[in-house]
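Below are the chains, spelled out letter by letter.
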Amino acid sequence: MGVKGTSFMEDTRGADTIPLKMVFYLVITGAVIFLMAFSWNSLSPIYSGTQDSKQIDSARVELMAIQNGYARDLSDQNGPDGSTCTIELSLPHVSYIAFGVDPDTDMNGNLSDTYWALENNTIICQYENGARDRYLIENDNTILFRKGTFDNTTGKWVLNNDPDQNRSSGIVLEGPIEGNFDLELVLDDKKYTLSHF
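It should be emphasised that the depicted structure is a prediction, and the values quoted were computed from it without experimental measurement.

## Thoughts on unusual backbone geometry
Of the consecutive residues Gly175 and Pro176, the connecting peptide bond is found in the cis state with omega at -5°. By the secondary structure assignment, Pro176 is in the loop between strand 9 (171-174) and strand 10 (177-188). One non-glycine residue, Asn121, lies in positive phi territory at about 65°. With respect to the helices, strands and loops of the structure, Asn121 is situated in strand 4 (residues 117-127). Its relative accessible area of 8% is what places Asn121 among the buried residues. The backbone of Asp189 sits at a positive phi, close to 70°, despite the residue not being glycine. Positionally, Asp189 belongs in the loop between strand 10 and strand 11 (190-195).

As structure tokens, then:
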């Protein structure tokens, strides 16, 4: 039998600490999620760069493979085709890729404000974020890259004799880059690796 008029004391000491603990745990969880998202954004370009390096390494192997092959003599319109290779590239975050030439020696992103410097046996890959990779194509002989032009009269690819010095040496593909790119070994006083694009 209880006594009338007395109230039982309630223990409310822990009531205000539950929301504080919950807020603390939510803040910690939010910080962990933020750090994971930040890490992924930092690692994503590294992963993409690794994939790009694999593609460019494959391109180097293809280019090395044709260097000791047959070179089509450009003076013989009826001669057989030279050794060819096809390079498959998917480089969505690349500003440009250059074969045998540095088209941006001052590294300001503008490919037309300076003379292109010859970089024989080299592939240069410039990313949209400004980072740059240089790949050496190991070969005993100098690999000279030239842009090709399709000659409708002969149905063959010939050297692009553009009077603009920047366009006559090396091969430059501006990004985003996607597709298959054919190159052929040709002879015109010297051996050239000629683009078919």
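More follows now that the structure is in view.
## Side note on the nonpolar core
In this structure, Leu63, Ile87, Ile97, Phe99, Ile123, Phe145 and Ile177 are the most contacted members of the largest nonpolar core, which totals 23 residues. Those elements that place two or more of their residues in this core are helix 1 (17-66), strand 2 (84-91), strand 3 (94-102), strand 4, strand 9 and strand 10. Apart from residues lying up to four places away in sequence, Ile97 is in contact with Ile56, Leu89, Leu91, Ile123, Ile124, Cys125, Ile171, Val172, Leu173 and Ile177. Tyr96, Ala98, Val101 and Val172 belong to the second largest nonpolar core, which has seven residues in total.

Definitions and limits used
Residues numbered from 1 in each chain as written. Predicted model: local features only at pLDDT ≥ 70, side-chain atom pairs only at ≥ 80, totals over all residues. Heavy atoms only, no water. Helix = DSSP H or I, 4+ residues; strand = E, 2+ residues; numbered from the N terminus. Buried < 20%, exposed > 50% of the residue type's maximum accessible area, 1.4 Å probe, protein only. Core = buried A, V, L, I, M, F, W, Y, C linked by side-chain atoms within 4.5 Å. Contact = heavy atoms within 4.5 Å.

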